[in-house]
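So you can see what is in the structure, the chains are spelled out below.
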Amino acid sequence: MNNVKLVFFTLFPFLVTIFLWRLSVYFWNPGGILALIPIFYYTFVKQIYWFAGFALLFCFLIDYRCGLPLFWTSFFCLAYAINGFQKYVDVPHMDRNAMYLFMLFTGAGIFILIFANLTWKNLINNLWLFVWLNVLYMPITSIDSLFKYKRKSITDTR
């Protein structure tokens with residue numbers, strides 16, 4: 001039974017990302033954009049081995065579904081590079097699962113998308129998307145803390 005739990009907890013971040021990407025509905029989850037939540041969380045906050053490559057693939061798939069030419073993929077690569085070079089912000093130990101950093105990540109990306117095609121419809125859709133992503137960030141990332149199993153993270157030194 002412990003082996004089944006270990007496999008489930010190991011695969012959980014990958015399965016959540018796939019589920020949120022596949023659950024694509026125009027108004028609630030356009031292009032599977034809600035998959036950015038576990039992508040950000042398990043890449044920057046609770047870093048998991050081999051998840052960065054998986055996250056890069058799913059950023060590409062989000063771009064493909066949304067019709068954006070490598071926007072979220074390049075934005076993710078930029079954020080990953082900035083996180084790798086900086087030493088001042090301790091992302092894994094931030095309060096509220098680094099929600100403010102996620103707001104900065106999605107806010108900057110959506111801000112660029114608003115001005116890429118400045119219309120009222122685009123402005124309102126992207127503002128709704130920003131609010132919806134940030135409202136759902138805490139419930140989706142809190143699911144991981146409900147499990148009693150302690151997942152080995154890249155940042156664990158013990």
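All of the points below concern the structure found in this document. (Residues numbered from 1 in each chain as written. Predicted model: local features only at pLDDT ≥ 70, side-chain atom pairs only at ≥ 80, totals over all residues. Heavy atoms only, no water.)

Observations concerning empty space enclosed by the protein
To keep things clear, this is the line we draw: Think of a 1 Å grid over the protein atoms and nothing else: a 1.4 Å probe that fits but is trapped marks a cavity, an open set flanked by protein within 12 Å on at least five of seven lines marks a pocket, and residues with an atom within 4 Å of a point count as lining. Grid points are joined across faces, edges and corners, and a volume is the space filled by probe spheres set on the points. Each helix is a run of H or I in the DSSP string that is no shorter than four residues. Each strand is a run of E no shorter than two, and both are numbered from the N terminus. Note on residue categories: nonpolar means Ala, Val, Leu, Ile, Met, Phe, Trp, Tyr, Cys or Pro, charged means Asp, Glu, Lys or Arg, and polar means any other residue, Gly included.
Overall, the coordinates contain one cavity of 30 Å³ or more when judged by the stated rule. Its boundaries defined by the atoms lining it, the largest cavity holds a volume of some 30 Å³. Taken together, V16, I37, P38, Y41, Y42, I140 and T141 make up the full set of residues lining the largest cavity. Residue assignment for the lining of the largest cavity shows that the elements contributing at least two residues are α2 (36-45) and α6 (120-146). For the lining of the largest cavity, the leading source of residues is α2, giving four residues. Tallied by class, residues from the lining of the largest cavity come to six nonpolar, one polar and no charged.

Observations concerning helix α4 (residues 71-85)
One turn of the α-helix equals 3.6 residues, which is why residues spaced by three or four share an orientation. What counts is decided by this rule: What a helix should span is 1.5 Å times the count of its residues minus one. Only protein chains enter the accessibility calculation, which uses a 1.4 Å probe; a residue whose area is less than 20% of its type maximum is buried, one above 50% is exposed, and one in between is partly exposed. The contact criterion used is simple: two residues touch if any of their non-hydrogen atoms lie within 4.5 Å.
Between its first and last C-alpha, α4 extends 21 Å over 15 residues, near the 21 Å set by a 1.5 Å rise per residue. When α4 is considered as a whole, its buried residues turn out to be F71, W72, T73, F75, F76, A79 and N83. Looking at the buried positions of α4, the neighbouring elements they touch are α2, α3 (51-66) and α5 (99-116).

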